[in-house]
Amino acid sequence: MICQSAIVTVTILYLIWSVWAIWILSASSKKGKDFVGSVHKLLPDRLMNSRQGPPSEGEKILQMEQQKLAIELAATLKQRKNFEQKLKQLNENGSGSIELNNALNPTINPTFTFKRKSTLAPECTPLKPEEVHYTLVTQVSTERVWMLKHHCKRWKGPISIAAFTNRSIADIHNEITVHDGCDTGQVHIQTVNSDGVEEGEYPVNTLRNLALSVVQTSHVVYLDIDFWQSTNSLEILNFKYVREELADDDRLAIVIPAFQLARQCGGEDLDGECEQRNIQKMPQNKLELGTLVKAHEASPFDPTNRGGHGSTEYGHWFKQRRAQFHDLPCIRSNRYEPYMAFRYCRDFPPFQEQFTGYGKNKMSQIMQMRRNGYIFSQLGDIFVTHYPHSNSKARKMWNKVPKKSGGKHEEENFLRNSKRAQVDRIFVEFKKWLMNNITDLERVHLCADAEDDDKRLWWPLNKNR
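Every chain is numbered on its own, with residues counted from 1 as its sequence reads. With the structure being a predicted model, the display of local features is reserved for residues of pLDDT at least 70 and the display and counting of side-chain atom pairs for 80 or more, all residues being used for whole-chain, interface and lining totals. Side-chain measures were taken over the full set of non-hydrogen atoms in the model, leaving aside hydrogen atoms and water.

Visitor: Which parts of the structure should I look at to understand the overall build of the protein?
Guide: A count of helical and extended segments in the protein gives 17 helices and 13 strands. We call two residues in contact whenever any of their non-hydrogen atoms come within 4.5 Å of each other. In the protein, the share of contacts with a sequence separation of at least 24, taken over all contacts with a separation of at least 6, comes to 83%. Accessible surface, the protein: about 23,600 Å² in total, of which carbon and sulfur atoms supply 53%. Note on conventions: DSSP H or I runs of at least 4 residues are helices, E runs of at least 2 residues are strands, and numbering of each starts at the N terminus. Accessible areas in this description were obtained via Shrake-Rupley with a 1.4 Å probe; residue shielding takes into account the shown protein chains only.

Visitor: I would appreciate a short explanation of unusual backbone geometry in the present structure.
Guide: In terms of backbone geometry, most residues other than glycine have negative phi values and most peptide bonds are trans. Phi is positive for His296, which is not a glycine, with a value near 60°. Residue placement: His296 occurs in the loop between α10 (286-294) and β9 (298-300). Under the scheme applied here, a residue whose accessible area is under 20% of the maximum for its type counts as buried, over 50% as exposed, and between as partly exposed, the area being computed with a 1.4 Å probe on protein chains only. For His296, a relative accessible area of 72% gives the class exposed. Notably, Asp302 is not glycine yet its phi reads approximately 50°, a positive angle. The residue Asp302 is located in the loop between β9 and α11 (306-309) in this model. With a relative accessible area of 13%, Asp302 lands in the buried category.

Visitor: Honestly, the environment of Pro338 in this entry has me stumped. Any pointers?
Guide: Structurally, Pro338 is set in the loop between β10 (325-327) and β11 (339-343). A relative accessible area of 2% means that Pro338 is categorised as buried. Spatially, the C-alpha atoms of Pro338 and Ile366 are 8.2 Å apart, while their sequence positions differ by 28 residues. Aside from chain neighbours lying at most four places away, what touches Pro338 is Val255, Gly308, His309, Lys362 and Ile366.

Visitor: Even after reading the chapter, I still don't get the state of the cysteines, so can you show me in this structure?
Guide: Two cysteines joined by a covalent bond between their sulfur atoms form a disulfide. We call a pair of cysteine sulfur atoms a disulfide when they lie within 2.5 Å. Within this structure, the stated rule accounts for 3 disulfides. Here Cys152 is linked by a disulfide to Cys182, with a sulfur-sulfur distance of 1.9 Å. In this structure the cystine formed by Cys152 and Cys182 twists about its S-S bond by roughly 85°; its chirality is therefore right-handed. With a gap of 30 residues between them, Cys152 in helix α4 (residues 148-154) and Cys182 in the loop between α5 (169-177) and β4 (187-193) connect regions that are remote in the sequence. A residue is classified by how much of its surface remains accessible, and Cys182, at 5% relative accessible area, is buried. Each sulfur of the disulfide joining Cys330 and Cys447 lies 2.0 Å from the other. Measuring the twist about the S-S bond at about 90°, one finds the Cys330-Cys447 disulfide to be right-handed. Placement of Cys330 in the loop between β10 and β11 and of Cys447 in the loop between α16 (419-437) and α17 (461-464) is noted, with a sequence separation of 117 residues between them. Accessibility expressed as a relative area gives 22% for Cys330, which makes it partly exposed.

The following block contains the structure:
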C-alpha cells in the first residue's frame, strides 16, 4: 500500500514538474524569439549570417532607441502635419516653388539643432524584392539646369529634382523636354527661390531633403547634377539578386564609384564647342570608361581630396562582375562621401540643413549613416562620371583664405570672413551631437590607418590656424 502511494506521489510530482518545465521552455522560447526577431529587424538575415553579428547588449540598445524615437515622435507629428498641409496647398495651386524667407540663416550664426530621422519619409516597413523600385534624386542651380536632359537620356525611371533658381517650373520643364530630352511626366521639379540669398550660401542640403520628400519609390539613387550615371545603372539595380539584397536590409547602401573626365579644352570658358567636346567624351558604360582611364583622360574622382572617395576600392571594382557586391571592409576617412543607392524611409538620416555652400554637407550625412549601422557595398559595372566645369561660387568662397587680423577680436573677425571656418564650426558641433545623441550601431569602422581629419579643421582658430 505504501509502495503504491509512493508511486502515485512520484507520478503526480513528475506530471507537475513536466507541466512546469514545458511552461518555462515555452516562455523562454517566446522571449528568445522576440529578442532575436527584434535584432533581425535591426540586422537582417543577410548580415546576421555573413557579416558582423548584432551589437552587444542588443536588447538594451533597442530599448534606448525606442525611448528616443518616442520622444521625437511627439515633436515631429505636428511638423509632418504642417508639411502635408503645405504640400497639399502647393499641389492645389499648381506650384512646387518654395520661398526660403528667414529659414536660411547665414552660417556665421547657425543653430545647432540637428535631426536624427527623415521624419517626412514613410515608415520602414518590410519589403519584398518585387517592391524595390528606384527614383533618381538630385539638386541643381540655374547654371546647370541644362544637364537634366542628359540624366533623362541615361536614366529611364522617375526623377525628383530640387532647383535653386528664380525660373518657373514650367520654364524648366519646357527646356528639358525639347530636343530628345526628358519624357513628359518623368521628372518632378520643385524650386527654392534664389533671389536675395547671400553668395556662397547655396542651400544644398535643403534642396536634397526637398527632392527626397516627394519620392514614391522604396529606394533612391542620389547624385549631384554634375555626376552623370552609366546608362546601365537602372538595368543592373533591377537585377533580381540586387533587389533581394536591398529588400533584406534597410541599411544596405550601394556605393556607386565616382570618376572624373579630364577637361577636353583649357581655360574657364567651357561653353559652346568646348561643352560639346566634353559631352561626347562622357562615358556611358564600363568599356568606354576603361578606355578613357587607360588614355589618362579619366580617373577616380578628385585625387586632391583622397578622403572624399578614397574608401571606394576602385581596383577591385574594375574586376567585379556585373551586379556583384563587394562590401567595403572599413572607411579610410570621415570625409568619405560616395554617391549611393539606398532605402528612403523614416530611419534614413537626413541631410543636415545647417550646412550650406561648399564643404562637409554630404560627409556629415555619411558619418551619421555609419553611426546608425549602415554598411556600404560597391556594385559591379555601375558608376558615375563628373562633368568638367569651372569652380562654383560656393567652392570659390570655400577656397578663400582671409588674412589674420590680430588683436582682441581676431577669432571673431576670422570666423566672419572665412566660409570654411564657419562650416568647420558647424561640423565640430555636429560631431559632438552625433557622438552624444546617436546610439553607436556602427558595422563599418574606420580603418586602422584612417586619416586624422580633425587636423584639417579651421575651427577652433587657435588650434589649427
